[in-house]
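What follows is the residue order along each chain.
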Amino acid sequence: MIRVLLADDEAMVRAGVRAILDKTGDIEVIAEAGDGHEAVELCRAHRPDVALLDIRMPRLDGLGAAAELRQVAPDVSVVMLTTFSEDEYITAALDGGASGFLLKSGDPYELMAAIRAAEQGAAFLSPRIAHRVIQRLSGGPAARQKVARERVTLLSPREREVLGLIGAGLSNAEIAARMFLVEGTVKAYVSNALTRLELKNRVQAAVLAYEAGLVP
């Protein structure tokens, strides 16, 4: 079972999300929080696989909670859930290390997919968010492609292959199976690639892979 902490200041929203996840069979909501401070404390206590955080919450918002979790519970993957799609929220969430970003108005299957991807160490953006991220990061398709291709020349051929599979949404375990490697070797390739390219998370890596034409 994938163990999830759910944080939202609206009880009805939490009830709705829990109802969706309870039907999956492989995702379990182990704790609920009404604000960011409570979410951090519950993550300390329960160590869920994934923290599903609303961005706008009292006392400490989702962005602040995600930043604290990077320090006190770095093994917990974070997926942001919000009704807002302003670019500044998207950028802040991804810079804060979030593994996924979803709109509450999205399809329930996106929610399930995001949690499963985050638990596997992969990244997930709802299609509407992904489109906005690519638009924001690009200075025009041709210009962005040229810059991206130049950046990935810093990587070895194996690292470029791993980067492309990250862009395709594969987890480390899936990449290892595809490339006939042990998962520890894949983790090393991922870490090296993120360091060399000065990327903060797999979402940024996936966008770069897409724009550099590395996604198979």
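Residues numbered from 1 in each chain as written. Predicted model: local features only at pLDDT ≥ 70, side-chain atom pairs only at ≥ 80, totals over all residues. Heavy atoms only, no water.

J.: How would you summarise the packing of helix H1 (residues 11-22) against helix H5 (residues 108-119) if you had to cite specific residues and measurements?
T.: Relative orientation of the contacting elements H1 and H5 amounts to 70 degrees, with a least axis distance of 10 Å. The orientation of H1 relative to H5 falls into the category roughly perpendicular. Where H1 abuts H5, its residues Val17, Ile20 and Leu21 lie against Pro108, Leu111, Met112 and Ile115. (Axes fitted to C-alpha atoms, helices over the stretch in contact; angles between N-to-C directions. Helix = DSSP H or I, 4+ residues; strand = E, 2+ residues; numbered from the N terminus. Parallel < 35°, antiparallel > 145°, perpendicular 65-115°, else oblique. Contact = heavy atoms within 4.5 Å.)

J.: Tell me about the sheet that holds strand E6 (residues 124-125), residues and numbers included.
T.: The strand order E2-E1-E3-E4-E5-E6 describes an open sheet built from 6 strands, whose pairing is parallel. The open sheet has two edge strands, strand E2 (27-33) and E6, and neither has a second partner. Pairing analysis gives 4 bridges linking strand E1 (residues 2-7) to strand E3 (residues 50-54), with the strands arranged parallel. By the bridge assignment, Ala7 is partnered in E3 with Leu53. H1 contacts E1, E2, E3 and strand E4 (77-82) of the sheet and is inclined by roughly 165 degrees relative to E2. (Pairing = 2+ DSSP bridges.)

J.: Account for the layout of surface pockets, naming residues and giving values.
T.: Of the voids in this model, the largest pocket is the one considered here, and its volume is about 590 Å³. If you trace the largest pocket, you find 29 residues lining it, with Pro74, Ser77, Gly97, Ser99 and Arg202 closest to the centre. For the lining of the largest pocket, the secondary structure elements donating two or more residues are helix H3 (62-72), E4, H5, helix H10 (183-197) and helix H11 (202-211). For the lining of the largest pocket, the element with the highest residue contribution is H10, accounting for 4 residues. (1 Å grid on protein atoms, 1.4 Å probe; cavity = no way out; pocket = protein on both sides within 12 Å on 5 of 7 lines; lining within 4 Å. Points joined across faces, edges and corners; volume = space filled by probe spheres on them.)

J.: Describe the packing of helix H9 (residues 172-179) against H10, naming the residues involved and giving the relevant values.
T.: Each packed pair of helices is defined by two parameters, the angle between the axes and the distance between the axes. Running from amino to carboxyl end, H9 crosses H10 at an angle of 110 degrees, the nearest separation of the two axes being 8 Å. Comparing the axis directions of H9 and H10 gives the class roughly perpendicular. Contact residues: Asn172, Ala173, Ile175 and Ala176 in H9; Glu183, Val186, Lys187 and Val190 in H10. Partitioning the contact of H9 with H10 into residue classes produces 5 nonpolar, 1 polar and 2 charged. (Nonpolar A, V, L, I, M, F, W, Y, C, P; charged D, E, K, R; others polar.)

J.: Could you give an account of the nonpolar core, naming the residues involved and the relevant values?
T.: Counting 32 residues, the largest nonpolar core has Leu5, Leu53, Leu69, Met80 and Phe101 as its most contacted members. Sequence-distant contacts of Leu5, defined by excluding residues within four places in its chain, comprise Ala31, Ala39, Leu42, Cys43, Pro48, Val50, Ala51, Leu52 and Leu53. Within the second largest apolar cluster, 22 residues are counted, among which are Ala148, Val152, Leu194 and Ala205. (Core = buried A, V, L, I, M, F, W, Y, C linked by side-chain atoms within 4.5 Å. Buried < 20%, exposed > 50% of the residue type's maximum accessible area, 1.4 Å probe, protein only.)

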